[in-house]
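Structural overview
Here is what each chain is made of, one letter per residue.
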Amino acid sequence: LLKQKANSSNESLSTCQTYPKKKHPLKVENSQEVPAINGNRNVVKAKPTNKTDNGSAKDSPPLAKPKSKRAATDKNLNGIKSDGKGCKEKKKSGNILKEKGDIKHKRRKAEEHAEQQPKEAEIWFDDVDPKDIEAAIGPEAAKIARRNLGLETGQSRQSVEQVLVKEKASEGLTRAVAMDCEMVGVGPKGEDSIVARVSIVNQFGKCIYDKYVKPTEEVTDYRTAVSGIRPENISTGEDFKTVQKEVADILNGRILVGHALRNDLKVLFLDHPKKKIRDTQRYKPFRQRVKNGRPSLKLLCERLLNVQVQTSEHCSIQDAQAAMRLYTLEKKKWEAALKNKSNNKNSK
């Protein structure tokens, strides 16, 4: 019976399915790769276990220290990597060179600017060079004039006179004279005008004639706020005919300068050759600079002379001086333009 059981047991074992044994990865010394289970082709890296002859583990060599982030990113001026120290020195050197270049550029600009500015000694009347005349119309020349005259921002009457009148100059008649008249109103509403004061200055701004005129009609509006004329000024004034003759004698053969001269000549019942009139209101370059077709004398003085006139009551002496100063600034260019115009007409 026991024998039969044993035989049946053996038969059952032979019919059972056999399974392959699991293959465990073997540890191989100094090996970097070990095959995976079930023939998988992926490889697993094993940590090296270097051992000495006596089986003790050898210390692995130290890894190379990575370069610092600053050293890795620093570059010299040519874009080549270098260590931080050298790069810093080169950058510093580059900045120094750049600063030196900026200084030279600024110095050159300053020298060019100085050459373009008018000479301070030339900013006055007849000695002004044509090129400097153009510059004198601008703010830089006005700045030089203010510095020479010691003017402050708030200009007094005396400082304005210093700008308009040349000191230590001739007080006599000159080839060009400037005239201005103050007027009062007559008629029902004072709309018509008669002369109340006549002032004439020479080419240097020196007053050579100034007289109040006795009215020829009843005055209905003294216009004191503008004219500065009061009843007592003209009640004892000079006779109109006398003033008219004296003024005509002064103007005879001379260049007449003024602002809106047509009105002044009209109240004096005088005429003057057109070719000898220099009207600052009608001078085209002045109108272009201030961008006004009929600029006032006050506007021209503010923009071109940097002085304020007619701030309250008008003064005919000061107005004549202002017109003459504007003319002398532009005298050479003004006269040259008229001469060329005359020559062109004659050639035709």
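In the annotation of an unreviewed UniProt entry, the chain is listed under the name RNA exonuclease 4 and assigned to Nipponia nippon. Recorded under Subcellular location (unreviewed entry), the UniProt text for the chain is reproduced unchanged: "Nucleus". Among the UniProt annotations of the chain, the heading Sequence similarities (unreviewed entry) holds the following wording: "Belongs to the REXO4 family."

1. Considerations on helix H10 (residues 261–268)
Given 3.6 residues per helical turn, the α-helix brings residues three or four places apart onto the same face. Here H10 has its buried residues at Leu261, Asp264, Leu265, Val267 and Leu268. Angularly, the buried residues of H10 cover 165° about the axis, an arc narrow enough to put them on a single face. Opposite the buried face of H10, by more than 90 degrees, sit the exposed residues Arg262 and Lys266. The secondary structure elements touched by the buried residues of H10 are strand S3 (176–186), strand S4 (192–201), helix H9 (240–251), strand S7 (255–258) and strand S8 (277–279). Positive backbone phi, approximately 55°, marks Phe269, located one or two places after H10.

2. A few points about a positive patch on the surface
Among the surface-exposed residues, Arg262, Lys266, Lys274, Arg282, Arg294, Lys341 and Lys345 lie close enough to one another that they form a single positively charged patch. Breaking the positive patch down by element, the ones donating at least two residues are H10 and helix H14 (331–347). In this structure, Arg294 sits in the loop between helix H11 (284–290) and helix H12 (297–305). Accessibility expressed as a relative area gives 65% for Arg294, which makes it exposed.

3. Remarks on the pattern of salt bridges
Here the structure, examined in full by the defined rule, presents 7 salt bridges. For Asp210, the salt bridge is made with Arg197, and the minimal N-O distance between the two is 2.9 Å. Within this pair, whereas Asp210 is found in strand S5 (residues 207–212), its partner Arg197 is found in strand S4, the two being separated by 13 residues in sequence. Taking the shortest distance from any N to any O, the salt bridge between Glu335 and Arg278 comes out at 2.8 Å. In this pair, Glu335 is assigned in helix H14 and Arg278 in strand S8, connecting sequence segments 57 residues apart.

Calculation rules
- Residues numbered from 1 in each chain as written.
- Predicted model: local features only at pLDDT ≥ 70, side-chain atom pairs only at ≥ 80, totals over all residues.
- Heavy atoms only, no water.
- UniProt positions renumbered as here; feature names shortened; annotations may be inferred.
- Buried < 20%, exposed > 50% of the residue type's maximum accessible area, 1.4 Å probe, protein only.
- Helix = DSSP H or I, 4+ residues; strand = E, 2+ residues; numbered from the N terminus.
- Arc of directions from axis to C-beta.
- Contact = heavy atoms within 4.5 Å.
- Patch = residues over 30% accessible without salt bridge, like charges linked within 9 Å, V, L, I, M, F, W, Y side chains within 5 Å.
- Areas by Shrake-Rupley, 256 points an atom, 1.4 Å probe, with all protein chains shown as cover.
- Salt bridge = Lys/Arg side-chain N within 4 Å of Asp/Glu carboxyl O.
- Lys, Arg positive; Asp, Glu negative; His and termini not counted.
- Charge placed at Lys NZ, Arg CZ, Asp CG, Glu CD.

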